[in-house]
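Listed below, chain by chain, are the residues.
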Amino acid sequence: EPAQQQTTVKETQPVQPAPFTPVQPSGAFQGTGTKVGKENQIWVNRIDFLGEKDGRSTLSIETTAKVDYDLKKVSDKLLELRLMNANIAEFRQRPMITTRFESAVNRIMPIQSPSMKGFALFSIERREPVPYYTEQVEGLLLVHFEASSVAPAPADESNLPAWKKALEETIG
């Protein structure tokens, strides 16, 4: 076996960190390419669904500025929330399926098509009619829903993804 060699390292100077270069803002709204600085442009920055105690829930929508809105009941189970002069980037226009939550809400669909001039739309499907109310603080709009007496939808065990079937077979 070859003999191991010992190496002695002599410290001459402390290691210096790399120079800091601050990240420069892109000048565009996140994911949109639209230039910042157009005062007439309001963008939806975040969409969250929050489960709360006792089956209550809240739809939380954050915008780049305070937005005028109109929430109306289309039918017993369908609400339409319009955000005036607001835009939703395409990547945020995905349904939020909430059927498995303890909530009165089954689905939230953010929508904006080229034909929708001057507003963005949130379609809110409920399990049953329950009381709701809105709250707004600057660029944060909250829609609060009371609890539903309708239980969450059960998991569809017959339609398990392959990884879950394999896991079931492995651990029983």
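A. Looking closely at the side chain of Glu128. Among the secondary structure elements, Glu128 is positioned in the loop between β8 (119-126) and β9 (132-137). For the buried Glu128, no salt bridge exists, and the shortest N-O distance to an oppositely charged side chain is 7.9 Å, to Arg127. Of the polar contacts made by the side chain of Glu128, one reaches the backbone nitrogen of Ser149; its length is 2.5 Å.

B. Inspection of the nonpolar core at higher detail. Core analysis: the biggest nonpolar cluster contains 21 residues, and Leu59, Leu81, Leu83 and Phe122 have the highest contact counts within it. Contributing elements (two or more residues each) for this core: β1 (42-51), β2 (57-63), β4 (78-84), β7 (105-111), β8 and β10 (140-145). Take this core: its biggest share by element is 4 residues, from β1. Excluding residues within four positions of it along the chain, Phe122 makes contact with Val44, Ile47, Ile61, Leu79, Glu80, Leu81, Leu83, Ile88, Ile108, Met109 and Pro110.

C. The pattern of salt bridges, seen in detail. Under the definition given, this model contains 6 salt bridges. For Arg82, the salt bridge identified is with Glu80, shortest N-O distance 3.0 Å. Residue class for Arg82 comes out partly exposed when judged on its relative accessible area of 26%. Residue classification places Glu80 among the buried residues on the basis of a relative accessible area of 17%. Beyond isolated ion pairs, a larger network of salt bridges with shared partners links Arg46, Asp48 and Glu62.

D. View of the packing of aromatic side chains. Within this structure, the stated rule accounts for 2 aromatic pairs. Ring plane angle 75° and centroid distance 5.3 Å describe the contact between Phe49 and Phe101, whose orientation is recorded as edge-to-face. Remark: Phe101 occurs in the loop between β6 (96-97) and β7 and Phe49 occurs in strand β1; sequence separation between them is 52 residues. Assessed through its relative accessible area of 12%, Phe49 is described here as buried. The exposure class of Phe101 is partly exposed, given its relative accessible area of 38%. A ring pair is formed by Tyr132 and Phe145, whose centres lie 6.2 Å apart and whose planes are at 40°; its orientation type is tilted. Pair noted here: Tyr132 is in strand β9 and Phe145 is in strand β10, with a separation of 13 residues, a long-range link. Above the plane of the ring of Phe119 lies Arg82, whose end atom (NZ or CZ) is 4.1 Å from the centre.

E. Layout of the sheet that holds β7. The strand order β3-β4-β8-β7-β6 describes an open sheet built from 5 strands, whose pairing is antiparallel. Because the sheet does not close on itself, it has two edges, and the strands there are β3 (69-73) and β6. Pairing analysis gives 7 bridges linking β4 to β8, with the strands arranged antiparallel. The partner of Met84 across the bridge, within β8, is Phe119.

The rules behind these values
- Residues numbered from 1 in each chain as written.
- Predicted model: local features only at pLDDT ≥ 70, side-chain atom pairs only at ≥ 80, totals over all residues.
- Heavy atoms only, no water.
- Helix = DSSP H or I, 4+ residues; strand = E, 2+ residues; numbered from the N terminus.
- Buried < 20%, exposed > 50% of the residue type's maximum accessible area, 1.4 Å probe, protein only.
- Lys, Arg positive; Asp, Glu negative; His and termini not counted.
- Salt bridge = Lys/Arg side-chain N within 4 Å of Asp/Glu carboxyl O.
- Polar contact = N/O pair within 3.5 Å; in protein donor to acceptor, adjacent residues only side chain to side chain.
- Core = buried A, V, L, I, M, F, W, Y, C linked by side-chain atoms within 4.5 Å.
- Contact = heavy atoms within 4.5 Å.
- Phe/Tyr/Trp six-rings, centres within 6.5 Å; stacked < 30°, edge-to-face > 60°.
- Lys NZ or Arg CZ within 6 Å of the ring centre and 35° of its normal.
- Pairing = 2+ DSSP bridges.

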